[in-house]
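Residues per chain, in single letters:
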Amino acid sequence: MDFQYMFQILPPILSGAVTTLLLFGLVILVSIPLGFIVTLLVRSKIPPIRWIANAYIFVMRGTPLLLQLIFIFYGFPIIGNALAETFHSDFFRELFQMERFNAAFLGFTLNYAAYFAEIFRGGLLAIDKGQYEAAKVLGFSRPATIFHIICPQMIRVALPSVANETITLIKDTSLLYAVAIPEIIDVAKSIVNRDSTVVPLILAAAVYLVLILILTLVFKWLERRFNHSK
Amino acid sequence: MEMIACTGLQKSFGSLEVLKGVDFSVNKGDVIAVIGPSGSGKSTMLRCLIDLEHATGGTIVIQGEPLVTDGAYVPEAQRKAVTAKMGMVFQHFNLFPHLTVRQNLELAPKLVKKMDKDEIRANSTKYLEKVGLSDKADAYPDNLSGGQQQRVAIARALMMNPDILLFDEPTSALDPELTGGVLETIRQLAEEHMTMMVVTHEMAFAKEVANTVLFMDSGKILESGAPEQVFVSPKEPRTREFLSKISK
């Protein structure tokens, strides 16, 4: 094994990993709370709000993320131009024309929020209605019930699925190539083309494995923290 | 003073009439045992009193304050205020599984009553001792037996300093050998003159602790009176039939 070669090609691959991690972190940070809000909207007492939330989930889960990314990055500017001409205002042109990374962030966040919403909805279904009744007879307000009684239990039920989805997100970041942002695989592939070797691909795999190992350990720790039966 | 006055209470689930006009009243210090076959509406009646079920007709007055008058409810905020002086203990305990025993007791006084921290701590210590579970303060509910969980649930209800306690089949989900501790706790509360309504299948317990027994069947109170009278010389044939069935 040529370690010197490996150390030489590792930095560009790791710089691809930085993009991956940055996108991953931002998407997780925004899509989990957003997903929870969508869950609450799906359970709203007002029918039109429920319809809109369900339609959103249907569209996000029903079309490929790749298509959504392409639509946002390449399709939105076309729509923006059309709107700008119709309304004689450059506002729309600027609004719909996004930086590559911002477009990717928007696409990933909207897509993952829909999946998280469904995971959280499943978590809420698992909670016994006796919990709501106990909270009610003790006089808890609705927000206090959700925040102090329901959410902690919902998180515990949802954690394994959230972990699963999070691991998928790490791997899905390879879709960044759709908006031409260099990430791990992209960098590795160009080195393969240049040097005619499989080493970069193995390194790329190792980077993914390390990232996912760390995530797995973090979620195992979280599951232990939220498990109270032992 | 009348703690609970209930007249003509009706409740339907769709076309199914569960309560067909129930009348009774509860005075301070009363311990009322509600007995009857399953499906007779006992639990539904109890749940209407504390606003877990929406009555479809009739009047409920709690300590002089109306909750519902001829099927018309008072506004939401008032409903909360009227039912706040009642506590409830459920058949399946409904403890919060993510909180320790002590946290189960302390959360409502902290968030709802916004009581002083030291006072809350003193109360939780007092009530855990009362139900004999001081050593379980830091345990999680899943690690307790059913009987212990139910005693925690009683302590949790007592933390809110209720004037009336409602028990919905408090021992029905327990193994027979675990009912004793729960019944002992309720008996102790009766000696302290806590006003209580207990839906129960424990006839011996009802006979011993209650001062009034209500016998319900098919959504109505068929018979009520002192336990000696209802158990020893029931007037209604349905009561006699029920009692003879369960004594077998």
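A brief report on the enclosed structure follows. Keep in mind that what you see is a predicted model, and the values were worked out from it rather than measured. (Residues numbered from 1 in each chain as written. Chains lettered and ligands numbered in written order. Predicted model: local features only at pLDDT ≥ 70, side-chain atom pairs only at ≥ 80, totals over all residues. Heavy atoms only, no water.)

The helix and strand tally for chain A stands at nine helices and zero strands. When its helices and strands are written in sequence order, chain A yields α-α-α-α-α-α-α-α-α. In terms of overall dimensions, chain A has a C-alpha envelope of 70 × 60 × 25 Å along the principal axes. A separation threshold of at least 6 residues defines the contact pool for chain A, and within that pool the share at least 24 residues apart is 78%. For chain A, the accessible area works out to roughly 12700 Å², and carbon and sulfur atoms hold 69% of it. Of the charged side chains in chain A, 18 are positive and 14 negative; the average position of the first set lies 15 Å away from that of the second. (Helix = DSSP H or I, 4+ residues; strand = E, 2+ residues; numbered from the N terminus. Contact = heavy atoms within 4.5 Å. Areas by Shrake-Rupley, 256 points an atom, 1.4 Å probe, with all protein chains shown as cover. Lys, Arg positive; Asp, Glu negative; His and termini not counted. Charge placed at Lys NZ, Arg CZ, Asp CG, Glu CD.)

So, on to the state of the cysteines. Following the criterion strictly, the structure yields zero disulfides over all chains and no others. Looking at the unpaired C48(B), the closest cysteine sulfur is the one in C6(B), lying at 8.0 Å. (Disulfide = S-S within 2.5 Å.)

Residues and elements named next belong to chain B. Residue position: Q150 is located in helix α5 (residues 146-158). With relative accessibility at 0%, the residue Q150 sits in the buried group. Among the polar contacts listed, one links the side chain of Q150 to the backbone oxygen of F90, at a separation of 2.7 Å. Not counting residues within four places of it along the chain, the set of residues in contact with Q150 comprises V89, F90, Q91, F93, P170 and V182. (Buried < 20%, exposed > 50% of the residue type's maximum accessible area, 1.4 Å probe, protein only. Polar contact = N/O pair within 3.5 Å; in protein donor to acceptor, adjacent residues only side chain to side chain.)

This part is about the sheet that holds strand β7 (residues 86-89) of chain B. Residues and elements named next belong to chain B. What the six strands build is an open sheet, ordered β7-β8-β9-β3-β10-β11; its pairing is mixed. One side of each edge strand has no neighbouring strand; the edge strands of this open sheet are β7 and β11 (220-225). With direction set aside, neighbouring strand axes in the sheet form an average angle of 20°. Here five bridges tie strand β8 (residues 164-168) to strand β9 (residues 195-199), and the two strands are oriented parallel to one another. Within β9, the residue paired with L165 across the bridge is M196. (Pairing = 2+ DSSP bridges. Axes fitted to C-alpha atoms, helices over the stretch in contact; angles between N-to-C directions.)

Below, the discussion takes up the nonpolar core. F108(A), F24(B) and M197(B) are the most contacted members of the largest nonpolar core, which totals 94 residues. In terms of residue count, helix α7 (residues 142-172) of chain A provides more of this core than any other element does, twelve residues in total. L128(B), A139(B), L144(B) and L174(B) belong to the second largest nonpolar core, which has 45 residues in total. (Core = buried A, V, L, I, M, F, W, Y, C linked by side-chain atoms within 4.5 Å.)

Residue and element names in this part refer to chain B. Among the residues of helix α9 (residues 237-246), those classed as buried are T239, F242 and L243. Down the axis, α9 shows its buried residues gathered within 95° of arc, on one side only. Exposed residues pointing more than 90 degrees away from the buried face of α9 are listed as P237 and K245. Tucked into the core, α9 has its buried residues touching β3 (31-35), α7 (203-209), β10 (212-217), β11 and α8 (227-232). (Arc of directions from axis to C-beta.)

This part covers the interface of chain A and chain B. Listed by partner, the interface residues are 21 residues for chain A and 22 residues for chain B. Buried surface at the junction of chain A and chain B, both sides included, amounts to about 1900 Å², of which 62% is carbon and sulfur. Three residues stand out in chain A for area buried against chain B, namely V137(A), L138(A) and H228(A), and they jointly supply 34% of the buried area on that side. One can count two salt bridges joining chain A with chain B. Note that E133(A) and R47(B) form a salt bridge whose closest N and O atoms lie 2.6 Å from each other. Summed over the shared surface of chain A and chain B, the result is six residue pairs in polar contact (both at pLDDT 80 or more). Taken together, the elements giving at least two residues each to the side of chain A that touches chain B come down to α6 (129-137) and α7 of chain A. In terms of residue class, the side of chain A that touches chain B is built from eight nonpolar, eight polar and five charged. (Buried area = accessible area lost by both parts, 1.4 Å probe. Salt bridge = Lys/Arg side-chain N within 4 Å of Asp/Glu carboxyl O. Nonpolar A, V, L, I, M, F, W, Y, C, P; charged D, E, K, R; others polar.)

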